Amino acid sequence: MAVILIIAILLIDQLIKLWVKTHMELHESIRITDWFYIAFIENNGMAYGLQIGSKLSLSLFRVVAIGFLGYYIWKLTHKSEVRWGYIVCLSMILAGAAGNLFDCMFYGLCFDASSIGHVSQFVGFGNGYESFLMGRVVDMFYFPLIVTTYPDWFPFYGGEEFVFFSPVFNFADSSISVGVVALLLFFRKELSQLSLKKQ
């Protein structure tokens, strides 16, 4: 079951990213509703465009973390007393991390660079815009739920637009976030047992 879920999330994530990468210019935006846009950006960092450390160190960290998490999930599936929901949450996190790692590993090798005025094309393996593990992550979901303007008298930001929840993210990021939140809400017992084992 865990393997099927991981493969399904990876397929959905990659199909969305491939469509956006090969059909939209960088920073192009498609309005779906007032509060939902498909807005194509790329980033070098973690979920929601965060960046910590160098690109290479982040990619290598992902490889190691995915390896450990995969091994941990595999061990859990052989224990009868483990709740399936716990494995599902961990599988969602692993699949999301793997989806973003896949971009870093292969997109730079297979595509030319996306830019304003240019839709990226497949250029053959090894002829792309970047080397192995250095590709950029494709993001596209943008939910400007609350958009307002700061009053003119507001210090530093007077007259500027304010957007509540401005990050642009992808399906893999969503999978990681839902998995983490569900773990914290419903599987605190398992998480506390895990931390006790480490001590």
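Reference entry: report on the structure contained in this document.

Parameters and conventions
- Residues numbered from 1 in each chain as written.
- Predicted model: local features only at pLDDT ≥ 70, side-chain atom pairs only at ≥ 80, totals over all residues.
- Heavy atoms only, no water.
- Helix = DSSP H or I, 4+ residues; strand = E, 2+ residues; numbered from the N terminus.
- Expected span 1.5 Å × (residues − 1).
- Buried < 20%, exposed > 50% of the residue type's maximum accessible area, 1.4 Å probe, protein only.
- Polar contact = N/O pair within 3.5 Å; in protein donor to acceptor, adjacent residues only side chain to side chain.
- Phe/Tyr/Trp six-rings, centres within 6.5 Å; stacked < 30°, edge-to-face > 60°.
- Patch = residues over 30% accessible without salt bridge, like charges linked within 9 Å, V, L, I, M, F, W, Y side chains within 5 Å.
- Areas by Shrake-Rupley, 256 points an atom, 1.4 Å probe, with all protein chains shown as cover.
- Salt bridge = Lys/Arg side-chain N within 4 Å of Asp/Glu carboxyl O.
- Core = buried A, V, L, I, M, F, W, Y, C linked by side-chain atoms within 4.5 Å.
- Contact = heavy atoms within 4.5 Å.
- Pairing = 2+ DSSP bridges.
- Axes fitted to C-alpha atoms, helices over the stretch in contact; angles between N-to-C directions.
- Left-handed = near helix turned anticlockwise from the far one by under 90°.

### Remarks on helix α4 (residues 171-186)
The terminal C-alpha atoms of α4, which comprises 16 residues, lie 22 Å apart, in line with the 22 Å expected from a rise of 1.5 Å per residue. For α4, the complete set of buried residues consists of A172, D173, S175, G179, A182 and L183. For α4, the N-terminal cap is N170; the gap from its side-chain oxygen to the backbone nitrogen of A172 is 3.0 Å.

### Points about the packing of aromatic side chains
The full count for this structure, using the stated rule, is 17 aromatic pairs. Between Y71 and W74, the ring centres sit 6.1 Å apart and the planes meet at 25 degrees, which makes this aromatic pair stacked. Of the two residues, Y71 and W74 both sit in helix α2 (residues 55-76), three residues apart, roughly one turn of that helix. Chaining the aromatic ring pairs together yields one cluster made of F102, F106, Y107, F111, F122, F125 and F132.

### Points about a nonpolar patch on the surface
On the surface, a nonpolar cluster with roughly 490 Å² of combined accessible area is contributed by W35, L145, I146, F162 and F164. Among the secondary structure elements, F164 is positioned in strand β5 (residues 161-164).

### Overview of the nonpolar core
Counting residues in each nonpolar core, the largest one holds 23 residues, and the members touching the most others are I73, Y86, L90 and L183. Elements that contribute at least two residues to this core include exactly α1 (2-23), α2, α3 (84-110) and α4. The element contributing the most residues to this core is α3, with eleven residues. Aside from chain neighbours lying at most four places away, what touches L183 is Y86, C89, L90, I93, R188 and L191.

### Some words on the pairing of strand β2 (residues 36-43)
Summarising burial for β2: six of the eight residues are buried, a large majority. Judged from the four bridges that link them, strand β1 (residues 29-33) and β2 form a sheet pairing that is antiparallel. Opposite T33, over in β2, you have F36 as the bridge partner. Here β1 folds back onto β2, and the loop between the two strands holds two residues. Here β2 runs beside strand β3 (residues 137-142); their pairing, made up of five bridges, is antiparallel. Paired with I38 across the two strands is F141, which belongs to β3.

### Examining the sheet that holds β2
Read from one edge to the other, the open sheet built from four strands follows the order β1-β2-β3-β6, with strand pairing classed as antiparallel. The open sheet terminates on both sides in strands that have one partner only, identified here as β1 and β6 (168-169).

### Quick word on the pattern of salt bridges
If you walk through the whole model with that rule in mind, you get six salt bridges. Where E42 meets R136, a salt bridge forms, and the shortest distance between an N and an O atom there is 3.5 Å. Linking E42 in strand β2 with R136 in the loop between α3 and β3, this pair joins segments that are 94 residues apart in sequence. Judged by relative accessible area, E42 falls into the buried class, the value being 15%. Judged by relative accessible area, which is 22%, R136 ranks as partly exposed. Each member of the salt-bridge network shares a partner with another, and the members are D13, K17 and D103.

### What to know about unusual backbone geometry
Look at H27: it is not a glycine, yet its phi comes out positive at around 70 degrees. By the element assignment, H27 lies in the loop between α1 and β1. For L133, which is not glycine, the phi torsion reads 75 degrees and is therefore positive. Within the element layout of this structure, L133 appears in the loop between α3 and β3. You can call L133 buried: its relative accessible area is 8%.

### Considerations on the packing of α1 against α3
Where α1 contacts α3, the two axes come as close as 8 Å, and the packing angle between them is 35 degrees. As for how α1 packs across α3, the hand of that crossing is right-handed.

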